[in-house]
Amino acid sequence: MTGFFNMEVFFIKQELLINEQIRFSEVQVISDDGEKLGVMKTNAALDLAVSKDLDLVLVAPNNKPAVCKIMNYGKYKFEQAKKEKEAKKKQRTFEIKEIRITPNTEEHDFNFKCKNAKKFIEEGSKVKITVRFRGRELNYVKLGENILNKFIEELSEVSVPEKKPLLEGKNMFIILQPK
């Protein structure tokens, strides 16, 4: 019986030149503890990094002479990935939920949709309320605007409108965002 094992492989996305990839004849060297060691030949700097079991990393190629730092490149990339992951975790995206109604929506339907909109807003989502005009209903745009204003009034304790009701083609809509 052969055993299966799960092995994860991590690839380091390389953006900085390291060790033998550095093609400058002389570089300004910064040690692993942040001390400036001065300008030296690239080979000497590489030997110094290898003697400390670290990498020589080109951090500022546009300077004269180019600046290299002695560091553990694998650890540096791991820390960068960790920071990016943390930043992504703290990022907040708004989801827009849409509720569609007609200009002649009955009271019970209005209350039901209002309750759903309130639930969505309390969860942190934005709500887009769209009034659809079909056929001759387009003659009664004022009814649609009144319904949207009624929504704004009903949900005023948990939300604020982004802007006034807007008519685009056969639809009038408003976006409510959490307070």
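For the structure itself, look to the data block above.
Calculation rules
- Residues numbered from 1 in each chain as written.
- Predicted model: local features only at pLDDT ≥ 70, side-chain atom pairs only at ≥ 80, totals over all residues.
- Heavy atoms only, no water.
- Helix = DSSP H or I, 4+ residues; strand = E, 2+ residues; numbered from the N terminus.
- Expected span 1.5 Å × (residues − 1).
- Polar contact = N/O pair within 3.5 Å; in protein donor to acceptor, adjacent residues only side chain to side chain.
- Pairing = 2+ DSSP bridges.
- Axes fitted to C-alpha atoms, helices over the stretch in contact; angles between N-to-C directions.
- Contact = heavy atoms within 4.5 Å.
- Parallel < 35°, antiparallel > 145°, perpendicular 65-115°, else oblique.
- Left-handed = near helix turned anticlockwise from the far one by under 90°.
- Nonpolar A, V, L, I, M, F, W, Y, C, P; charged D, E, K, R; others polar.

**Some thoughts on unusual backbone geometry**
Part 1 of the argument: A positive phi angle, close to 60°, is found at Asp 53, a residue other than glycine.
Part 2 of the argument: Tracing the chain through its elements places Asp 53 in the loop between α1 (42-51) and β3 (55-60).

**Section: helix α2 (residues 73-90)**
Part 1 of the argument: Taking 1.5 Å of rise per residue, the 18 residues of α2 would be expected to cover 26 Å, and the 26 Å separating its terminal C-alpha atoms lies within 8% of that figure.
Part 2 of the argument: In this structure Asn 72 caps α2, since a side-chain oxygen of it lies 3.3 Å from the backbone nitrogen of Gly 74.

**Brief notes about the sheet that holds strand β1 (residues 26-30)**
Part 1 of the argument: The mixed open sheet is built from four strands, whose spatial order is β2-β1-β4-β3. Across the chains shown, the open sheet's two edge strands, defined by having one partner strand only, are β2 (36-41) and β3. Direction aside, neighbouring strands of the sheet carry axes that sit 35° apart on average.
Part 2 of the argument: Examined bridge by bridge, β1 and strand β4 (residues 66-71) share four bridges and lie parallel to one another. By the bridge assignment for β4, Gln 28 is matched with Val 67.
Part 3 of the argument: Sheet contacts for α1: β1, β2, β3 and β4; angle to β2, the most-contacted strand, approximately 130°.

**A word on the packing of helix α3 (residues 107-122) against helix α4 (residues 141-154)**
Part 1 of the argument: Two elements in contact, α3 and α4, have axes whose closest approach is 11 Å; the angle formed by their N-to-C orientations is 45°. Viewed along their axes, α3 and α4 adopt a mutual orientation that is oblique. Where α3 crosses over α4, the two elements pack in a sense that is right-handed. On the side of α3, the interface is formed by Glu 107, Phe 110, Lys 113 and Cys 114, while α4 contributes Ile 147, Lys 150, Phe 151 and Glu 154.
Part 2 of the argument: Residue composition of the contact of α3 with α4, by class: four nonpolar, no polar and four charged.

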